[in-house]
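# Observations on chain architecture
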Amino acid sequence: KGSRGLGFDFEAETEKLVRGYFLTASEDGKDLADNDDLVGEILASVRTEAKAAMIEAASTLFSSGAKRRAKRDELQSKFVVLYQQLCLFRKGLSLFSEDQQGPIDKYLLKSVCTDIVNLILIDHVAQGLPEG
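Residues numbered from 1 in each chain as written. Predicted model: local features only at pLDDT ≥ 70, side-chain atom pairs only at ≥ 80, totals over all residues. Heavy atoms only, no water.

## As for the overall build of the chain
Selection rule: A run of H or I in DSSP becomes a helix once it reaches four residues, and a run of E becomes a strand once it reaches two; helices and strands are each numbered from the N terminus. As a reference, a globule follows 2.2 Å times the number of residues to the power 0.38, and the radius of gyration itself is taken over C-alpha atoms. Using a 1.4 Å probe on the protein chains alone, a residue whose accessible area is under 20% of its type maximum counts as buried, one over 50% counts as exposed, and one in between counts as partly exposed. Throughout, a contact is declared for two residues whenever any of their heavy atoms are within 4.5 Å. Here the open area of atoms and residues is found with the Shrake-Rupley method and a 1.4 Å probe, where only the protein chains shown may cover a residue. Here Asp and Glu are counted as negative and Lys and Arg as positive; His is not counted, and neither are the chain ends. For this purpose, a charge sits on NZ of Lys, CZ of Arg, CG of Asp or CD of Glu.
Per the secondary structure count, the chain includes four helices and zero strands. Across the chain, helices and strands are ordered from the amino to the carboxyl terminus as α-α-α-α. Relative to its length of 132 residues, the chain is extended, with a C-alpha radius of gyration of 29 Å against a globular reference of 14 Å. Along the longest, intermediate and shortest principal axes, the C-alpha atoms of the chain span 90 × 30 × 20 Å. Considering the chain as a whole, with its 132 residues, one finds that 17% of them fall into the buried category. Contacts in the chain between residues at least 24 apart in sequence constitute 47% of all its contacts with a sequence separation of at least 6. On the chain, roughly 10400 Å² of surface is accessible, and the fraction owed to carbon and sulfur atoms is 60%. Charge centroids of the chain, computed over 17 positive and 21 negative side chains, lie 9 Å from each other.

## Focus on helix H3 (residues 36-92)
What counts is decided by this rule: For a helix, the expected span equals 1.5 Å multiplied by the number of residues minus one. The angle between axes fitted to the seven residues ending at a residue and the seven residues starting there is what we call the bend at that residue.
Between the first and last C-alpha of H3 there are 81 Å, a value that for 57 residues agrees with the 84 Å anticipated at 1.5 Å per step. At Val 46, H3 shows its strongest bend, of approximately 50°. Of all the residues in H3, the buried ones are Val 39, Leu 43, Ser 64, Gly 65, Leu 75, Leu 82 and Leu 86. Where H3 is buried, its residues touch helix H1 (10-25), helix H2 (29-34) and helix H4 (98-128).

## Considerations on the environment of Ile 116
Tracing the backbone shows Ile 116 in helix H4. Put simply, Ile 116 and Leu 82 are 34 residues apart on the chain and 6.6 Å apart in space, counted from C-alpha to C-alpha. Here Ile 116 is in contact with Phe 79, Leu 82, Tyr 83 and Leu 86, once residues within four sequence places are set aside.

## Describing the confidence of the model for the chain
Close inspection of predicted coordinates is inappropriate in any region flagged by low pLDDT. Spelled out, the test is: By definition, pLDDT measures how confident the predictor is in each residue, and it falls between 0 and 100.
Across the chain, the average pLDDT comes to 82, with 92% of residues at 70 or higher. Confidence, read as mean pLDDT per element, is least for H2 in the chain (83) and greatest for H4 (87).

## Regarding the packing of H3 against H4
The cut-off we apply is this: For helices, the axis comes from a line fit to the C-alpha atoms of the stretch in contact; other axes are also lines fit to C-alpha atoms, and the angle between any two N-to-C directions lies between 0 and 180 degrees. Working rule for angles: under 35 degrees goes down as roughly parallel, over 145 as roughly antiparallel, 65 to 115 as roughly perpendicular, anything else as oblique. Gly is put with the polar residues, along with every residue not named as nonpolar or charged; the nonpolar set is Ala, Val, Leu, Ile, Met, Phe, Trp, Tyr, Cys and Pro, and the charged set is Asp, Glu, Lys and Arg.
Across the interface, H3 lies against H4 with an axial gap of 10 Å and an inter-helix angle of 170°. In terms of orientation, H3 and H4 fall into the roughly antiparallel class. Contacts between H3 and H4 pair Arg 72, Leu 75, Lys 78, Phe 79, Leu 82, Tyr 83, Gln 85, Leu 86, Phe 89 and Arg 90 from the former with Asp 105, Leu 108, Leu 109, Val 112, Cys 113, Asp 115, Ile 116, Leu 119, Ile 120, Asp 123 and Gln 127 from the latter. Along the lines of polarity and charge, the residues of the contact of H3 with H4 split into 13 nonpolar, two polar and six charged.

## Some points on the pattern of salt bridges
Which entries qualify depends on this criterion: Between Lys or Arg on one side and Asp or Glu on the other, a salt bridge is scored when a side-chain nitrogen of the former is within 4 Å of a carboxyl oxygen of the latter.
Counting across every chain of the model gives eight salt bridges. Between Asp 34 and Lys 30 there is a salt bridge; the shortest N-O distance is 2.8 Å. Pair noted here: Asp 34 and Lys 30 are both in helix H2, with a separation of four residues, about one helical turn. Residue classification places Lys 30 among the exposed positions, given a relative accessible area of 52%. Where Lys 78 meets Glu 74, a salt bridge forms, and the shortest distance between an N and an O atom there is 3.3 Å. Linking Lys 78 with Glu 74, this pair stays in helix H3, spanning four residues, or about one helical turn. For Lys 78, a relative accessible area of 42% gives the class partly exposed. In this structure Glu 74 comes out as partly exposed when scored by relative accessible area, which is 43%. Through salt bridges with shared partners, one network takes in Glu 15, Arg 19 and Asp 36.

Printed below as a string of structure tokens:
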């Protein structure tokens with residue numbers, strides 16, 4: 001009886017919740033909580049829905065971690081691509097004369113570096129927002 005091996009006894013915890021609810025919900029709570037037949041019937045009627053809710057909550061919890069990892073990997077790959085572009089453009093600067101390098105360097109700062117900063121800021125702001 002119950003979920004063994006996981007450190008959580010679903011049946012016992014559900015029964016404890018039902019009995020605790022009776023104790024706090026009404027003046028007859030002690031009598032209701034002590035009525036094993038009533039508690040057993042309530043447990044039988046809510047067991048399936050409660051287990052389904054528990055499994056759904058666990059699934060959501062574990063999948064949200066996977067989603068965060070996927071988002072982090074996506075962010076990292078975008079960052080690497082932008083950084084590689086920046087390094088490549090910087091190396092290409094040496095092909096231009098010194099008077100042309102200034103405006104090109106300024107353009108790089110306004111374009112690729114801005115994209116990198118925006119990527120980091122968007123991720124930072126998104127971390128503070130609830131998922132949905």
